[in-house]
Amino acid sequence: MELIVGTRRIAAAAIHPIPGGVEAELRGDAVLPLLDATFHGAGRVEILGGGMDRRPMDVAGIEMRGASTLVTLLCAGEAAALH
C-alpha cells in the first residue's frame, strides 16, 4: 500500500491496516504534504493498493513520536471509478 496526497506519493516507513482504515508511520518531511492536505485543503488523501485501493481517506489522528509521526487514516467513501 502507498499513501497518495494530491498527486504526490508519500514514502511511509510503514502502513498497517486497522478496522476501517490504516495507520501510517511517516518520518521527516513525509508528514508535511499530509498536514497541508489536512489543515489547508491542499490535496486529497488516498490509499493506493491493498483492500482500500483508490479510497479517499480522512485523517483521524496524528501522533508525534520523536523522529516519526503515526497517522491514523479512516476510509471516507468509495473507491474512485476508473474509466
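Residues numbered from 1 in each chain as written. Predicted model: local features only at pLDDT ≥ 70, side-chain atom pairs only at ≥ 80, totals over all residues. Heavy atoms only, no water.

It is worth spelling out the nonpolar core at this point. Among the nonpolar cores identified, the biggest contains 17 residues, and Leu3, Leu26, Val45 and Leu73 are the most heavily contacted of them. If you list the elements that add at least two residues to this core, you get β1 (2–5), β4 (21–27), α1 (31–40), β5 (45–48) and β7 (68–75). (Core = buried A, V, L, I, M, F, W, Y, C linked by side-chain atoms within 4.5 Å. Buried < 20%, exposed > 50% of the residue type's maximum accessible area, 1.4 Å probe, protein only. Helix = DSSP H or I, 4+ residues; strand = E, 2+ residues; numbered from the N terminus.)

Chain-level pLDDT for the protein is 85 on average; 93% of the residues reach the 70-or-more range. Looking across the protein, the model is least confident in α1, with a mean pLDDT of 83, and most confident in β4, with 93. (pLDDT = per-residue confidence, 0-100.)

A few words on the sheet that holds β1. Paired through backbone hydrogen bonds, the strands of a sheet run either parallel or antiparallel to each other. Pairing in this open sheet of seven strands is antiparallel, and the strands run β2-β1-β5-β6-β7-β4-β3 from one edge to the other. On the outer flanks of this sheet lie β2 (8–10) and β3 (14–18), each paired with one strand and no other. With strand direction ignored, the average angle separating the axes of adjacent strands in the sheet is 35 degrees. Across four bridges, β1 lies against β5 in antiparallel orientation. Each bridged residue has a counterpart across the sheet, and for Ile4 the counterpart in β5 is Glu46. Packed onto the sheet, α1 meets β1, β2, β4, β5, β6 (55–65) and β7 and runs at close to 120 degrees relative to β6. (Pairing = 2+ DSSP bridges. Axes fitted to C-alpha atoms, helices over the stretch in contact; angles between N-to-C directions. Contact = heavy atoms within 4.5 Å.)

Right, let's talk about the pairing of β5 for a bit. Strand direction decides the pairing type here: β5 and β6, joined by two bridges, are antiparallel. Across the sheet, the residue bridging to Ile47 is Arg55, located in β6. The turn linking β5 back onto β6 is made up of six residues, and Gly49 within it adopts a positive phi angle of 100 degrees.

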